[in-house]
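Report on the structure
Now for the letters of each chain:
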There are 2 protein chains.
Amino acid sequence: MAVRALWFERGTLHLIDQRLLPLRLKVLHLRRLGDVADAIRSMAVRGAPAIGVAAAYGMALGAAEGRWTPDRAAAALRGTRPTAVDLFVGIEAVRAEWAAGNDPVAAAEAYRELVVGECRRVGEVGAPLFRGGPKVLTHCNAGALATVEWGTALAPLRVAHERGSDLFVWVDETRPLLQGSRLTAWELGQERIRHAVIADNAAGHYMRAGEVDSVIVGADRIARNGDFANKIGTYEKAVVARENGIPFFVAAPWSTFDAERADGRAIPVEERSPGEVLRFGGVRAAPRSSTARNPAFDVTPARYVRAFVTPDGLVRPRDLPTRLRARASRRKRPASKIP
Amino acid sequence: MAVRALWFERGTLHLIDQRLLPLRLKVLHLRRLGDVADAIRSMAVRGAPAIGVAAAYGMALGAAEGRWTPDRAAAALRGTRPTAVDLFVGIEAVRAEWAAGNDPVAAAEAYRELVVGECRRVGEVGAPLFRGGPKVLTHCNAGALATVEWGTALAPLRVAHERGSDLFVWVDETRPLLQGSRLTAWELGQERIRHAVIADNAAGHYMRAGEVDSVIVGADRIARNGDFANKIGTYEKAVVARENGIPFFVAAPWSTFDAERADGRAIPVEERSPGEVLRFGGVRAAPRSSTARNPAFDVTPARYVRAFVTPDGLVRPRDLPTRLRARASRRKRPASKIP
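Residues numbered from 1 in each chain as written. Chains lettered and ligands numbered in written order. Predicted model: local features only at pLDDT ≥ 70, side-chain atom pairs only at ≥ 80, totals over all residues. Heavy atoms only, no water.

**Quick notes on the pattern of salt bridges**
All told, the structure shown has 46 salt bridges over all chains when counted by the stated rule. Of the charged contacts in the structure, one is a salt bridge between Arg 194 of chain A and Asp 166 of chain A, with a shortest N-O distance of 3.2 Å. Taken as a pair, Arg 194 of chain A in strand 6 (residues 194–198) and Asp 166 of chain A in the loop between helix 7 (154–162) and strand 5 (168–172) lie far apart in primary sequence, 28 residues in all. Classification of Arg 194 of chain A by relative accessible area gives partly exposed; the value is 40%. Classification of Asp 166 of chain A as partly exposed rests on a relative accessible area of 47%. In this structure, Glu 113 of chain B engages Arg 112 of chain B in a salt bridge whose closest nitrogen and oxygen atoms are separated by 2.7 Å. Judged by relative accessible area, which is 48%, Glu 113 of chain B ranks as partly exposed. (Salt bridge = Lys/Arg side-chain N within 4 Å of Asp/Glu carboxyl O. Helix = DSSP H or I, 4+ residues; strand = E, 2+ residues; numbered from the N terminus. Buried < 20%, exposed > 50% of the residue type's maximum accessible area, 1.4 Å probe, protein only.)

As structure tokens, then:
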């Protein structure tokens, strides 16, 4: 793999500062739980699966500091970002082992392996959807940077490309933080996958013009009925895709599915600073007297989704509750810990 | 009026450089046709009605230079931007008078008066739609800056606000050139109308949340059946508005209606430089190896429009052909000159 969002060596979490890409590749070296919490809150690391793994290592660093209990460490990391369920799953994976007297670093490593393995399988499951060189649209970044390795939405495109599909990707720039133009374009460039960045506003134009064969995105939280939260703007793309008869796919590891949540209504949507909208590259874009609203996510109803690309196959929204029940009967989920 | 996009005095066209707003208010002083053509092409002046008036004055300046024929002057200005029909209407309004031996400056002044008067009437016709302090979403800038005075989409909001409606405006920032956050927010601030800037991606989120009561936009060209071209992203907003049962209005003077065009299929859509998408505020946002596509407009089918707000009343799309035929029978349009 060309790109890894983070790695852990000798008591230090090394993490690419995604706020500076693609102009600067800077790696942060984090040795304390508080540093990891700051990196998640400030979006130095972002993407639901990646923040789950970062938080798992944050728990392990907290255990080594000696001044945290498992529960207090978990509470400190849970407060960083509200929407992605992976954060809570990653924290809990380590908290439970730590509280049981097991090695927190080993628990974090195991969680990382689980997520990376599932993303690789998402790639293999989804790759056949992108044979024959289609034109695919994606929103935000659901690549290796968002998931440690492989990606979710980008994993099937990577595998299809490796197998010879000459696909082309429309990259929504994804305002306000431009994860599309900064991160997805960078990852696709590393792998020499053909692509063009577009303003988010242009996606519908190309859908209507017949220039988009399918849409694939990641998710931050998927409810039991298939409603899902993802980066702001996803809902619009899903509506316009259906209006134009274009299939819409959501790729995710199991850590992103929240089986305890019946539907999307109560998924907490983070609102971030107005400054992310009002400024860019240090330049004020709006009058000083104007303010902004900045919801970081939106919730898309399940009816817009053709299928979820999971580590264990394509799952239609109507089949999702059954699949999640079957998984839950095999292992307990830390439901009470997830807001 | 607090804001005027341009004015003509003693042989000079004075024009606010809209590329620098809201951080800098700079006025360009143009004395030659070529200067006006450059200002239109570079978007120092933009907005369909405003570029029509600027081009009319450009014709008058060309006549004073002594080295242009009416037809050659018209051809030079027609080449600047392809989508807005007002450009061709404004040029022709002066060309015909100049060719007939009449005063080109007087013809330009008359065209300006016509457009300003129609925008004022658009405001009066549309104001009753926005009584009672609704939440309204608009895209791009269809204000005074886009129309010389009053605006098209903003004119009804202005008049409703003057009459006591405590309305609130969601301002799509309108990437790539941010006419929403730079220009619409500035105009609303000047008139103390409550508003918040949002990333274009957030419009659907607020529509679905019940936070948008109606949408109003301007247009660059409206075909006989009601299909219309407007700033890129308009189509997505129209689709998502209808999906949520939110009425969608298009406000325009008669110069924006292209009665010779049956529908939206052949409206020319300008594609501008990739640099507008790849950079902002001098900062490169995407990897150097990535490119972009940058359509400046999209075409929205008439079925998404509740009504056109015209100088002579609200017109439903299905009634538009009849209305345009009635107008055409009263005055000839220079159809052959409009690409």
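**Description of the relation of the copies chain A and chain B**
Note on the identical chains: chain A maps onto chain B by a rotation of 180° and an axial translation of 0.0 Å, with an RMSD of 0.0 Å. One copy is carried onto the other by what is essentially a two-fold rotation axis. Here 98% of the interface residues in chain A have copies in chain B that are interface residues too; the copies meet face to matching face. (Least-squares fit on C-alpha atoms with pLDDT ≥ 70 in both. Contact = heavy atoms within 4.5 Å.)

**Looking at the side chain of Thr 310 of chain B**
Residues and elements named next belong to chain B. Here Thr 310 is to be found in strand 15 (residues 307–310). There is a polar contact of 2.7 Å between the side chain of Thr 310 and the backbone oxygen of Gly 313. Excluding residues that lie within four positions of it along the chain, Thr 310 makes contacts with Arg 121, Val 122, Val 125, Ala 252, Trp 254, Phe 257 and Val 315. (Polar contact = N/O pair within 3.5 Å; in protein donor to acceptor, adjacent residues only side chain to side chain.)

**Quick word on the environment of Lys 135 of chain B**
Residue and element names in this part refer to chain B. Here Lys 135 lies in strand 4 (residues 135–138). Through-space distance from the C-alpha of Lys 135 to that of Leu 320 is 27 Å; in sequence the pair is 185 residues apart. The residues touching Lys 135, leaving out its near neighbours within four places in the chain, are Phe 168, Trp 170, Glu 211, Val 212, Asp 213 and Ser 214. Side-chain polar atoms of Lys 135 contact the side chain of Glu 211, separated by 2.5 Å.

**Side note on the interface of chain A and chain B**
Every contact between the two is made by 59 residues of chain A and, on the other side, 58 residues of chain B. Taken over both partners, the interface formed by chain A and chain B buries close to 4,500 Å², and the fraction arising from carbon and sulfur atoms is 58%. The largest contributions to the chain A side of the interface with chain B come from Asn 201, Arg 208 and Glu 236 of chain A, which together make up 16% of the buried area. At the junction of chain A with chain B, the criterion picks out six salt bridges. Residues Arg 175 of chain A and Glu 173 of chain B are paired through a salt bridge, measuring 2.6 Å at the closest nitrogen-oxygen approach. Remark: the boundary between chain A and chain B carries 26 residue pairs in polar contact (both at pLDDT 80 or more). (Buried area = accessible area lost by both parts, 1.4 Å probe.)

**Here we look at the packing of helix 5 (residues 104–126) of chain A against helix 7 of chain A**
Residue and element names in this part refer to chain A. Put simply, helix 5 and helix 7 touch, their axes get as near as 7 Å, and they point 60° apart. By the criterion of interaxial angle, the relationship of helix 5 to helix 7 is oblique. Considering only the axes of helix 5 and helix 7, their crossing is right-handed. Touching Cys 119, Val 122, Gly 123, Glu 124 and Gly 126 of helix 5 are Ala 155, Pro 156 and Val 159, all from helix 7. The residue inventory of the contact of helix 5 with helix 7, partitioned by class, reads five nonpolar, two polar and one charged. (Axes fitted to C-alpha atoms, helices over the stretch in contact; angles between N-to-C directions. Parallel < 35°, antiparallel > 145°, perpendicular 65-115°, else oblique. Left-handed = near helix turned anticlockwise from the far one by under 90°. Nonpolar A, V, L, I, M, F, W, Y, C, P; charged D, E, K, R; others polar.)

**What to know about the sheet that holds strand 15 (residues 307–310) of chain A**
Residues and elements named next belong to chain A. An order of 6-5-4-7-10-15-16 is seen for the seven strands of this open sheet, with the pairing classed as mixed. The strands lining the two open edges of the sheet, one partner per strand, are strand 6 and strand 16 (313–315). Here the strands of the sheet are splayed against their neighbours by 25° on average, with no regard to which way each runs. Pairing of strand 7 (residues 214–217) with strand 10 (residues 248–251), which is carried by three bridges, proceeds in the parallel orientation. (Pairing = 2+ DSSP bridges.)

**A closer look at unusual backbone geometry**
Backbone torsion omega between Arg 175 of chain A and Pro 176 of chain A reads 10°, so that peptide bond is classified as cis. Put simply, Leu 21 of chain B and Pro 22 of chain B share a cis peptide bond, and its omega is 0°. The residue Pro 22 of chain B is located in the loop between strand 2 (12–16) and strand 3 (27–30) in this model. Phi angles above zero are rare outside glycine, and Met 43 of chain B is one such case at about 70°.

**Section: the state of the cysteines**
Residue and element names in this part refer to chain B. Taken as a whole, this structure holds zero disulfides over all chains when the rule is applied. For the unlinked cysteine Cys 119, the closest cysteine sulfur is that of Cys 140, found at 15 Å. Here Cys 119 falls in the buried class, since its relative accessible area comes to 0%. The class for Cys 140 is buried, based on a relative accessible area of 7%. (Disulfide = S-S within 2.5 Å.)

**Focus on helix 8 (residues 179–190) of chain A**
Residues and elements named next belong to chain A. Here helix 8 is 12 residues long and its end C-alpha atoms lie 16 Å apart, about the 16 Å a rise of 1.5 Å per residue gives. Where burial is concerned, most of helix 8 is hidden: 10 out of the 12 residues are buried. Residues of helix 8 that are buried include every one of Gln 179, Gly 180, Ser 181, Arg 182, Leu 183, Thr 184, Ala 185, Trp 186, Glu 187 and Leu 188, and no others. (Expected span 1.5 Å × (residues − 1).)

**Details of helix 1 (residues 33–41) of chain B**
All names here are of chain B. Residues Leu 33, Val 36, Ala 37, Ala 39 and Ile 40 constitute the buried set of helix 1. The arc that holds every buried residue of helix 1, seen down its axis, measures 160°, which confines them to one face. Where helix 1 is buried, its residues meet strand 2, strand 3, helix 2 (48–65), helix 3 (70–78) and helix 4 (85–99). Downstream of helix 1 by one or two residues, Met 43 has phi in the positive range, about 70°. (Arc of directions from axis to C-beta.)

**Side note on the packing of aromatic side chains**
All names here are of chain A. All chains considered together, the criterion is met by 16 aromatic pairs over all chains. Ring centres of Tyr 235 and Tyr 304 lie 6.2 Å apart, and the angle between their planes is 80°; on these two criteria the pair is classed as edge-to-face. Placement of the pair is Tyr 235 in helix 10 (residues 234–243) and Tyr 304 in the loop between strand 14 (297–300) and strand 15, with a sequence separation of 69 residues. Across the pair, exposure class does not vary: Tyr 235 and Tyr 304 are buried alike. (Phe/Tyr/Trp six-rings, centres within 6.5 Å; stacked < 30°, edge-to-face > 60°.)

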